[in-house]
Amino acid sequence: MLVVLGLNLMFSSPRLAINNVQINGLEHIDPSQIEDVVRTYLQQRALLVFKASNQFLFSSDKLSNDLEEAFALANVSLGQSNGTLTITVVERTSNLIWESGEGRYVVDLEGIVNRELYTDEEADVSLPIFSDTNDLSIEVGDRVMTDTEIQNVFNFLDYLESKEIGFTKVEVDRLAGKWMSVQTILGFEILFDSVGDISLQVKHLDSVMIGQIDDLATLEYIDVRFGDHVYYK
C-alpha cells in the first residue's frame, strides 16, 4: 500500500508536472500551432489514470513524432527542467506555395509539404505559386514534386524573369507526367515539361519569342514540351 501510495503521489503531484512550454527556433510557423499540439499531448492519459504531463510519464519520442507529423520539421529536440519543457525546432525552408483544392501549403526545395498556409499570413508570403490542376488531396509531409523537378521549374522561371516576362503562377498537371503551364502577366501561357531538358526547351522558347512573335500580347500559348517541335497560337 505504501508503494502504491508513493507511486500515486509521484505521478499525480503538481510539483512533478510540466506546466510551462518554451519554443525556440520558429521563423514562419505560428507558435500557437506548436503549443496546441504540445498541450494536446500533455493532456493525454498515461498509465490509464495519470497524464502525460508528469515528468516521469512524459515521452519525448512520442511528442517529437506528433510535432514532425503535424509540421514536417527538419529537426526537433526536446528538453525539460524544473517543470518547463523546452522545444527547439528547425523549420524546412519555404520555397513555394502549393495550391490544391481550397488548401494552400508551404513546400520546400525537396518537394516536401511543410505545413498549411495560414489565412492571415498569405499577404506576407512572396513565393512562387504552384497550382495543382487535378486538386489532389495532400497532407503535411507528402512529396508533391522531386527536388530535380523543382530546380528545373525554377531555372525556367529564372529565364522568364531575365526576359522581363512576369507570371502569376505555375499550373501543374500531376496526372500527365508533371507537365507545367506558366501563366504570364501578358495573358498567354507557356507549357513545358519539368522532367525534360530545360535548357533545350528554353532555347526553343527563346527562338519563338524573339524570332517569330512581334507582339507577345497577341499570343494565347507557346508549347515547348515536344522535343524539337514548338507549337504556338
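Residues numbered from 1 in each chain as written. Predicted model: local features only at pLDDT ≥ 70, side-chain atom pairs only at ≥ 80, totals over all residues. Heavy atoms only, no water.

A.B. asks: Which residues make up the pairing of strand β14 (residues 229-232), and what are the values?
C.D. replies: On a regular strand, each side chain points to the face opposite its neighbour's, so the side chains alternate between the two faces of the sheet. Sheet topology note: the strand β13 (residues 221-226)/β14 ladder contains 3 bridges and is antiparallel. Across the sheet, the residue bridging to Ile 222 is Tyr 232, located in β14. Counted between consecutive antiparallel strands, the loop separating β13 from β14 contains 2 residues, among which Gly 227 sits at a positive phi close to 60°. (Pairing = 2+ DSSP bridges. Helix = DSSP H or I, 4+ residues; strand = E, 2+ residues; numbered from the N terminus.)

A.B. asks: How would you sum up the packing of aromatic side chains? Please name residues and give values.
C.D. replies: For the structure on display, the rule yields 6 aromatic pairs. Connected via pairs of aromatic rings, a cluster forms that spans Trp 98, Phe 130 and Phe 154. (Phe/Tyr/Trp six-rings, centres within 6.5 Å; stacked < 30°, edge-to-face > 60°.)

A.B. asks: Got a sec to walk through the sheet that holds β14? Specific residues and values, please.
C.D. replies: Here 9 strands make up an open sheet; going across it, the order is β8-β7-β6-β9-β10-β11-β12-β13-β14 and the pairing mixed. In the strand order of this sheet, the two ends are held by β8 (113-116) and β14, each with one partner. Geometrically, the sheet is characterised by an average inter-axis angle of 25° between neighbouring strands, direction not taken into account. With 3 bridges joining them, strand β6 (residues 96-100) and strand β9 (residues 129-132) adopt parallel strand pairing. In the sheet register, Glu 99 faces β9, and the bridge partner there is Ser 131. Together, β12 (189-193), β13 and β14 form the strand contacts of helix α5 (residues 198-211), whose direction differs from that of β13 by roughly 145°. (Axes fitted to C-alpha atoms, helices over the stretch in contact; angles between N-to-C directions. Contact = heavy atoms within 4.5 Å.)

A.B. asks: Tell me what's going on with the environment of Asn 95, and back it up with residues and numbers.
C.D. replies: Structurally, Asn 95 can be placed in the loop between β5 (84-90) and β6. Sequence spacing of Asn 95 and Val 107 is 12 residues, and the spatial spacing of their C-alpha atoms is 6.0 Å. Once residues within four sequence positions are removed from consideration, Asn 95 is found in contact with Val 107, Asp 108, Leu 109, Leu 127, Pro 128 and Phe 154. From its side chain, Asn 95 meets the backbone nitrogen of Leu 109 in a polar contact 3.0 Å long. (Polar contact = N/O pair within 3.5 Å; in protein donor to acceptor, adjacent residues only side chain to side chain.)

A.B. asks: Hey, could you go over α5 for me, with residue numbers and the actual values?
C.D. replies: Over its 14 residues, α5 extends 19 Å from the first C-alpha to the last, a length consistent with the 20 Å expected when each residue adds 1.5 Å. Among all positions of α5, only Ile 198, Gln 201, Val 202, His 204, Leu 205, Val 208 and Met 209 are buried. All buried residues of α5 project into a common sector of 165° when viewed along the axis, lining one side. Among the exposed residues of α5, those oriented more than 90 degrees off its buried face are Ser 199, Lys 203, Ile 210 and Gly 211. (Expected span 1.5 Å × (residues − 1). Buried < 20%, exposed > 50% of the residue type's maximum accessible area, 1.4 Å probe, protein only. Arc of directions from axis to C-beta.)

A.B. asks: Would you mind going over the sheet that holds strand β4 (residues 75-81) in detail, with residue names and values included?
C.D. replies: A sheet is described by the order of its strands in space; here 3 strands give the open sequence β1-β5-β4, paired in mixed fashion. Both edges of this open sheet fall to β1 (20-24) and β4, since each of them pairs with a single strand only. Neighbour to neighbour, the strand axes of the sheet diverge by 20° on average, direction disregarded. Here β1 runs beside β5; their pairing, made up of 5 bridges, is parallel. Across the sheet, the residue bridging to Gln 22 is Thr 86, located in β5. The strands touched by helix α2 (residues 31-42) are β1 and β5; relative to β1, the strand with the most contacts, the crossing angle is about 140°. Of the strands in this sheet, β4 and β5 are in contact with helix α3 (residues 60-71), which crosses β4 at around 140°.

A.B. asks: Go over unusual backbone geometry, please, and point to the residues and values.
C.D. replies: The phi dihedral of Asn 82 is positive, around 55°, even though this residue is not glycine. The backbone of Asp 135 sits at a positive phi, close to 50°, despite the residue not being glycine.

A.B. asks: Go over the nonpolar core with me, naming the residues and quoting the values.
C.D. replies: With 35 residues, the main nonpolar core has Trp 98, Phe 130, Phe 156, Leu 160, Val 182 and Leu 205 as its most contacted residues. Where this core is concerned, the elements lending two or more residues are β6, β7 (103-107), α4 (147-162), β10 (167-173), β11 (179-184), β12, α5 and β13. The residues contacting Leu 160, other than those within four sequence positions of it, are Ile 165, Phe 167, Val 182, Ile 190 and Leu 205. Grouped together as the second largest cluster of nonpolar side chains are 19 residues, Val 21, Leu 63, Leu 67 and Val 76 included. (Core = buried A, V, L, I, M, F, W, Y, C linked by side-chain atoms within 4.5 Å.)

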